[in-house]
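# Structural features, examined
For reference, the chains in residue letters:
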Amino acid sequence: MKQIKLEPHLTRRSTHYSKDDPAVPAELFTVKNDSPDFAGINYPLPNAKDDYTAMLKTGGVTWLASYKGITRYDPDAAFSFDRVMYFTKDRDLTDSGIKAMLPAENGIWALTGDGVTLIELIMMTPEEICRAHLDETLKYVDRHGMVSQRWLREPRNLDSIYPYGDSDNDGGFTSKFSIGEIFRYACFKRDYGENDPRTVEAKEAAIRATEACLLLMYVHGRGNGFVARTYILSDAPTPDDGLFFRRQGNQAYCLETTEAKNRGIVGLRIDCSSPIPERLRHLFTDDGYTEDDIIYKADTSSDEITLQFLNLLAAHRHLTEDDPELDAIIKDAVSRVVSHIIDNGFILTDYSGLSTTWAKWNEEYFNTEDGYVDAALNSAEMLFFLKVAMEITGEEGKWLETYNYLVNERGYADLTTKHAERLQQFCIATDTEFNENIMYGDHMLASAALTGLCLLEKDEALLKKYRYGYKAWRSTIAGEHNPGYDFMYILSCPDETIEEDRVKEWFARHNISRLAAGVGLVGRHDIPIAATKHGYKQCSSLVPPDERFISKYDRDSLEYKNEDSGGIYCIESAYVYNYAYWIGKYFGIIY
């Protein structure tokens with residue numbers, strides 16, 4: 001496998017000012033820019049030529065202004081993906097209508113209808129971008145160790161974060177963040193030694209995130225291997241988007257939400273007498289809360305558990321050598337969860353003793369309309385859980401017996417190869433197209449489960465099946481060109497390759513902030529559009545990451561749209577970039 005060298009790269013940064021701010025040069029309000037001149041520009045531009053109203057040249061770079069944004073053209077850029085850059089609202093500008101431009105030290109000043117923006121291009125290494133993302137996440141996104149996203153009271157003002165929040169996928173997204181921090185720690189330990197301050201800091205961050213994930217396996221107090229989706233505390237408003245239970249002594253009661261009313265369980269009381277490990281309690285007691293302040297969310301899906309098991313596998317291997325207490329909790333948590341799933345017929349049961357909506361790995365589900373397509377993923381997840389249980393506990397027994405039963409008698413290993421085939425059959429049956437039916441969050445889950453199976457399985461015949469199944473997913477995953485997927489894939493299927501230039505572009509063209517500000521794709525003249533018969537639109541090729549929406553590994557990166565989830569009122573986790581970087585760095589894929 002050829003190592004990929006990542007070079008320092010120009011990274012965009014936008015700073016917004018009011019028009020009366022003294023930092024804004026007075027000349028910006030009087031400058032007269034040249035009319036656009038397109039001589040020598042042989043690349044497609046984001047706007048129609050008639051839309052451009054002004055031009056500014058700084059060295060060999062041409063800046064073109066329109067009422068839709070600013071285009072930067074650099075004919076001498078080292079990479080083709082840097083020849084044309086596009087700056088628009090809400091990511092780079094507060095308003096896309098450009099009135100004037102003025103040279104700045106590292107870019108330009110832009111006067112818009114409602115303010116002024118300083119656009120700078122700053123040379124940064126990928127590791128420096130990682131650091132910027134991490135600092136931002138630890139300061140603004142972290143909630144008692146959970147890391148997914150935070151909402152803002154004021155647009156773009158990160159200091160206006162709400163003190164509370166939640167996400168259905170807190171366990172999953174925090175697990176991905178934790179894995180990135182685990183491999184950051186592993187890199188620093190290898191390169192600088194255990195006692196280096198960088199190593200110590202990385203280890204602390206990795207342990208905190210791992211503990212937050214583990215807490216979701218105990219926070220409910222049920223003691224039966226259940227896993228909570230997330231939890232909030234008593235001073236936070238209860239969201240009306242699911243089932244929430246408030247702890248009170250040795251019982252928890254169901255709070256009033258639309259879902260709880262529909263199920264007729266408002267006020268239902270269930271046991272919560274099983275203790276939370278003392279090691280994990282600090283995540284809420286350090287902030288002055290007790291168990292009676294905990295409000296946890298139920299109806300957990302398979303998503304969170306799959307990503308948590310990948311995290312716990314990494315934590316077991318890299319964090320527990322000198323931390324037997326943490327390792328004991330990891331072993332206990334994994335044993336509880338897998339036993340629960342096996343003992344209940346390969347489902348995760350909730351308050352009712354029945355399955356949660358989506359945590360189902362049994363053949364009864366596989367024989368339903370939804371489960372027929374999901375079977376390829378869910379069978380891989382179940383086998384992955386069992387492999388992780390064997391690896392972490394150091395035991396086989398029940399885990400191996402169940403694994404062999406599912407593989408040899410129920411055909412689960414064969415099911416892992418059926419993703420593309422069954423999805424295609426579903427498309428034919430429903431008269432829909434392939435890309436309309438892709439669940440992009442499933443890419444993240446398939447990558448986790450199949451990577452775990454490929455790295456843990458020693459039987460060559462089974463390993464061949466798992467690799468075949470992994471390759472079946474690549475028909476959709478590969479189009480994202482996301483190193484967070486690609487690196488795991490080539491570690492699992494070492495005979496495969498990934499596109500080096502795409503890796504370089506992905507790491508080079510990322511924003512230094514994870515503010516989820518939207519970008520304007522609709523109307524761009526340089527993006528070919530592919531539309532399905534039912535109207536779903538995708539870009540025919542990827543635009544660079546700093547010119548498309550910011551999200552986690554759960555969205556279609558080719559989606560052709562203007563809006564973004566949360567926009568300038570939401571800050572997302574660092575894990576998307578950091579997870580990919582530190583895995584690549586640890587395994588020597590990038591340097």
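Note that the structure is a prediction, hence the values are computed from the model and not measured.

The rules behind the values
Residues numbered from 1 in each chain as written. Predicted model: local features only at pLDDT ≥ 70, side-chain atom pairs only at ≥ 80, totals over all residues. Heavy atoms only, no water. Buried < 20%, exposed > 50% of the residue type's maximum accessible area, 1.4 Å probe, protein only. Helix = DSSP H or I, 4+ residues; strand = E, 2+ residues; numbered from the N terminus. Contact = heavy atoms within 4.5 Å. Pairing = 2+ DSSP bridges. Axes fitted to C-alpha atoms, helices over the stretch in contact; angles between N-to-C directions. Phe/Tyr/Trp six-rings, centres within 6.5 Å; stacked < 30°, edge-to-face > 60°. Lys NZ or Arg CZ within 6 Å of the ring centre and 35° of its normal.

This brings us to helix α16 (residues 500-508). Those residues of α16 not exposed but buried are V503, K504, E505, W506, F507 and A508. Buried residues along α16 sit in contact with β1 (9-17), α1 (126-141), α15 (483-492) and α17 (575-586).

In this section: the sheet that holds strand β8 (residues 116-124). Taken in spatial order, the four strands line up as β1-β8-β7-β6 in an open sheet, and their pairing is antiparallel. Strand pairing shows two members of the sheet lacking a second neighbour, β1 and β6 (98-103), which therefore form its edges. For this sheet, the mean inter-axis angle between neighbouring strands, taken without regard to orientation, is 25°. In this sheet, strand β7 (residues 107-112) lies alongside β6 in antiparallel orientation, the contact comprising five bridges. By the bridge assignment, L102 is partnered in β7 with W109.

As a further point, take the packing of aromatic side chains. Scanning the model with the defined rule gives 29 aromatic pairs in all. Note on F384 and F385: the rings are 6.2 Å apart at their centroids and 45° apart in plane angle, and the pair reads as tilted. Judged by relative accessible area, which is 0%, F385 ranks as buried. Plain terms: the ring middles of W506 and Y577 are 5.6 Å apart, the flat faces sit at 10° to each other, and that makes the pair stacked. With W506 in helix α16 and Y577 in helix α17, the pair connects residues that are 71 residues apart, well separated along the chain. In this structure, W506 and Y577 share a single accessibility class: buried. A connected cluster of aromatic rings, assembled from ring pairs, spans F188, Y192, F487, W506, F507, Y577, Y581 and W582. Directly above the aromatic system of F173 lies the positively charged group of K552, at a separation of 4.8 Å from the ring centroid.

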